[in-house]
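Now for the letters of each chain:
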Amino acid sequence: MVVKVAVNGYGTIGKRVADAVARQKDMKIVGVSKTRPTFEARQAVERGYAVYVAGKGARSEFEAAGIPVAGTVEEMIQGADVVVDCSPEKVGTANKELYDRLGVRAIWQGGEKAAVAEHSFNALANYSECLGAKRVRVVSCNTTGLSRAASLLQRNFGVREWEATLVRRAADPRESGKGPINGILPTMKLPSHHGPDVQTVLPGLPITTAAVVVPTTLMHVHFNHVRLEHPPADVSEILARFSREPRFVLFPGSSGVEGTPQVMEWAKDRGAGRGDVMENVLWEEGTKMKGQDLYFFQAIHQESIVVPENVDAIRAMFSLETDAERSMKLTNESLHIGAK
Ligand code: NAD
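Residues numbered from 1 in each chain as written. Predicted model: local features only at pLDDT ≥ 70, side-chain atom pairs only at ≥ 80, totals over all residues. Heavy atoms only, no water.

> Is there a simple way to think about the overall build of the protein chain in this case?
What the protein chain contains, in helices and strands, is twelve helices and 15 strands. Since a compact globule built from 340 residues should have a radius of gyration of about 20 Å, the 20 Å found for the protein chain is in line with a globular shape. Dimensions of the protein chain, computed from the C-alpha atoms along their principal axes, are close to 65 × 45 × 40 Å. For the protein chain, the residues scored as buried account for 53% of the 340 residues in total. Pairs at least 24 apart in sequence give 71% of the contacts found in the protein chain among residues at least 6 apart. Summed over all atoms, the accessible surface of the protein chain reaches about 14700 Å², with 52% contributed by carbon and sulfur. The averaged location of the 40 negative side-chain charges in the protein chain is 2 Å from the averaged location of its 41 positive side-chain charges. (Helix = DSSP H or I, 4+ residues; strand = E, 2+ residues; numbered from the N terminus. Rg over C-alpha atoms; globule rule 2.2 N^0.38 Å. Buried < 20%, exposed > 50% of the residue type's maximum accessible area, 1.4 Å probe, protein only. Contact = heavy atoms within 4.5 Å. Areas by Shrake-Rupley, 256 points an atom, 1.4 Å probe, with all protein chains shown as cover. Lys, Arg positive; Asp, Glu negative; His and termini not counted. Charge placed at Lys NZ, Arg CZ, Asp CG, Glu CD.)

> What should I look at first to understand the pairing of strand S14 (residues 280–290) in this one?
Remember that side chains alternate between the two faces of the sheet whenever the strand is regular. Bridge count for strand S13 (residues 248–251) against S14 is four bridges, and the pairing is parallel. Residue pairing for S14: Leu250 is matched across the bridge by Leu282. Once you follow S13 into helix H10 (residues 260–270) and on to S14, the crossover reads as right-handed. Strand direction decides the pairing type here: S14 and strand S15 (residues 293–300), joined by six bridges, are antiparallel. Of the residues in S15, the one forming a bridge with Met289 is Leu294. (Pairing = 2+ DSSP bridges. Right-handed = clockwise from strand over helix to strand, strands pointing away.)

> Even after reading the chapter, I still don't get the side chain of His222, so can you show me in this structure?
Within the secondary structure, His222 is located in strand S12 (residues 220–228). Note on His222: relative accessible area 0%, which makes it buried. A distance of 2.6 Å separates the side chain of His222 from the side chain of Asn142, its partner in a polar contact. Apart from the residues within four sequence positions on either side, His222 is in contact with Asn142, Leu146, Thr165, Leu166, Phe296, Phe297, Gln298 and Ile300. (Polar contact = N/O pair within 3.5 Å; in protein donor to acceptor, adjacent residues only side chain to side chain.)

> Could you clarify how one ought to interpret the packing of aromatic side chains in this entry?
The geometry of an aromatic ring pair is captured by the separation of the ring centres together with the interplanar angle, meaning the angle of the planes. Overall, the coordinates contain nine aromatic pairs when judged by the stated rule. With 6.1 Å between their ring centres and 70° between their planes, Tyr10 and Tyr49 make a pair best called edge-to-face. Here Tyr49 lies in the loop between helix H2 (39–46) and strand S3 (51–53) and Tyr10 lies in the loop between strand S1 (3–8) and helix H1 (12–22), a separation of 39 residues in the sequence. In this structure Tyr10 comes out as buried when scored by relative accessible area, which is 3%. Here the aromatic cluster, defined as three or more aromatic residues joined through ring pairs, consists of Trp162, Phe242, Phe248 and Phe296. (Phe/Tyr/Trp six-rings, centres within 6.5 Å; stacked < 30°, edge-to-face > 60°.)

> How should I be thinking about the sheet that holds S13 in this particular structure?
Strand pairing in a sheet relies on backbone hydrogen bonds. The paired strands run either parallel or antiparallel. Taken in spatial order, the seven strands make up an open sheet running S10-S11-S9-S12-S15-S14-S13, and their pairing is mixed. Pairing within the sheet leaves two strands with one partner each, and these edge strands are strand S10 (185–186) and S13. As paired strands, S12 and S15 are joined by eight bridges and run antiparallel to one another. Paired with Phe223 across the strands is Phe297, a residue of S15. Packing of helix H8 (residues 194–201) onto the sheet brings it into contact with strand S9 (159–169) and strand S11 (207–214), and relative to S11 it is tilted by some 130°. (Axes fitted to C-alpha atoms, helices over the stretch in contact; angles between N-to-C directions.)

> Hey, could you run me through the packing of helix H11 (residues 307–317) against helix H12 (residues 324–335) in this one?
When two helices pack together, you describe them by how their axes are tilted relative to each other and by the distance separating the axes. At a minimum axis separation of 10 Å, H11 and H12 run at an interaxial angle of 140°. Of the possible angle classes, the one that applies to H11 and H12 is oblique. As for the relative orientation of H11 and H12, their crossing is right-handed in sense. Contacts between H11 and H12 pair Val307, Pro308, Val311, Asp312 and Arg315 from the former with Ser327, Met328, Leu330, Thr331 and Leu335 from the latter. The residue makeup of the contact of H11 with H12, split by class, is six nonpolar, two polar and two charged. (Parallel < 35°, antiparallel > 145°, perpendicular 65-115°, else oblique. Left-handed = near helix turned anticlockwise from the far one by under 90°. Nonpolar A, V, L, I, M, F, W, Y, C, P; charged D, E, K, R; others polar.)

> I'm lost on the site of the ligand in this one. Help?
Around the ligand sit 22 residues in total, of which Thr12, Ile13, Lys34, Thr35 and Asp172 are the nearest. Contact between the ligand and Thr12: an oxygen atom at 2.9 Å from a side-chain N or O atom of the residue. The protein chains hide 82% of the 830 Å² of surface that the ligand would expose on its own. Of all elements in the fold, only H1 and helix H5 (91–102) reach the threshold of two or more residues within the shell around the ligand. Among the residues forming the shell around the ligand, the class breakdown is seven nonpolar, eleven polar and four charged. Both of domain 1 (3–139 + 306–335) and domain 2 (141–300) provide at least three residues apiece to the shell around the ligand. (Near = heavy atom within 4 Å. Domains from an automatic or database assignment.)

Structure representation (C-alpha cells):
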C-alpha cells in the first residue's frame, strides 16, 4: 500500500515533513497548502508538489504571482488518506472540524493540545500504541527530545526521578519579528508544561521541568538530572546505549563541538538537507554519573527533530510496519539519520 499524504500548512515543519514523506517508498505526497504565494509556495511547485490554497488565502493572488493552484484544501484532502496538519499553533485544532467532516485521518503537531488526538506520539516511546490510530499528535520538539531520551533510559535502567531545565531558543532563524534579542526570560509557570506533555507519551514518568528562553535561534539545550533505578557501574554503559540508537548523536571532546554553533556547522557540512539535525545531540563529556544520578546535556534542533516522527506516525496509523524498529530503520535510512 502507498499512503496518500496531504500536508496542510507548508511552513517550517510542513515543508520538511513533505520532503521526508516524498522520500518514503510506502508514502506519496498528493499536495501541500499555502495561505500566501510566498517563495515557499513557488519552491513547492518547483519540487513537484501540487499547491492548494489554505485558510484565508486567495487563488487570484497565487495566479497573479504566476504560481499554479491545484485547488482548495478541501479538494486536497479528498484525494488523501491522511492529512498532516502543520499549520500554526491553535489553527490545527480549528482545522479538526474539516477533517472530521471529510472523514480523513489526521496528524497534528505539538502546538496543539493533547486532546485534539487519540494519541500523543513518539516513535521510540509508544509506536505500537498508535497502530491503526485515526488521530495522532506528534509532540513538540522539546517533548520529542525528552521522550526519546526518557524512553531509552527507562527501558534500560529504570527512572526514579527526572528533573530537566530547558534552555529554549527564542525563535526559529526565519522569525525576524520575535525575541528577545537581548535578555533571558524565565518561564514563570513552574513546573513548566513540558513535564506533563512528556507524560502524554510516557504516562507516569516522574519528570519535572522548568524553562528559560534565551536569545538564540540555534537549537534548544536541556540539562537533565535523572535518578536511575538500576544505575550501571559506569557512564560508558549509558553512552553505549545512546550511541547504538541512531536517533542520538554523541560528540566526543576531541570533535571540537563545544555547543550549538558547531552542531549546526557539522550538520551543514555533513550535507543533510537544510542542515537539519533530526537526532538528539549529546556530548560524551557532558554526560556524567554520580552514584544513582545521571547528569547530561542534550541539544534539540527545533526545526527538524519532529520530522522523522511524523513519518513513523503515518506508518503506525496505517500499520505499514507493525514493528517500531523496522519503521524507524526505514525512516532513518531515507533521511540519513544516524549518518555521522
Ligand atoms: P510556520 O508558521 O513556520 O508554518 C505554518 C504554515 O501554516 C505557514 O506556511 C502558514 O502560512 C500556514 N497556515 C496558516 N494558516 C493556515 C490554515 N488555516 N490552514 C493551513 N495552513 C495555514 O509554523 P511551524 O513552525 O511550522 O509550526 C507548525 C506546527 O508545528 C505548530 O503546531 C508548532 O507548534 C509545531 N512545531 C514547531 C516547531 C518549530 O520549532 N518551528 C517545532 C516542533 C513543532
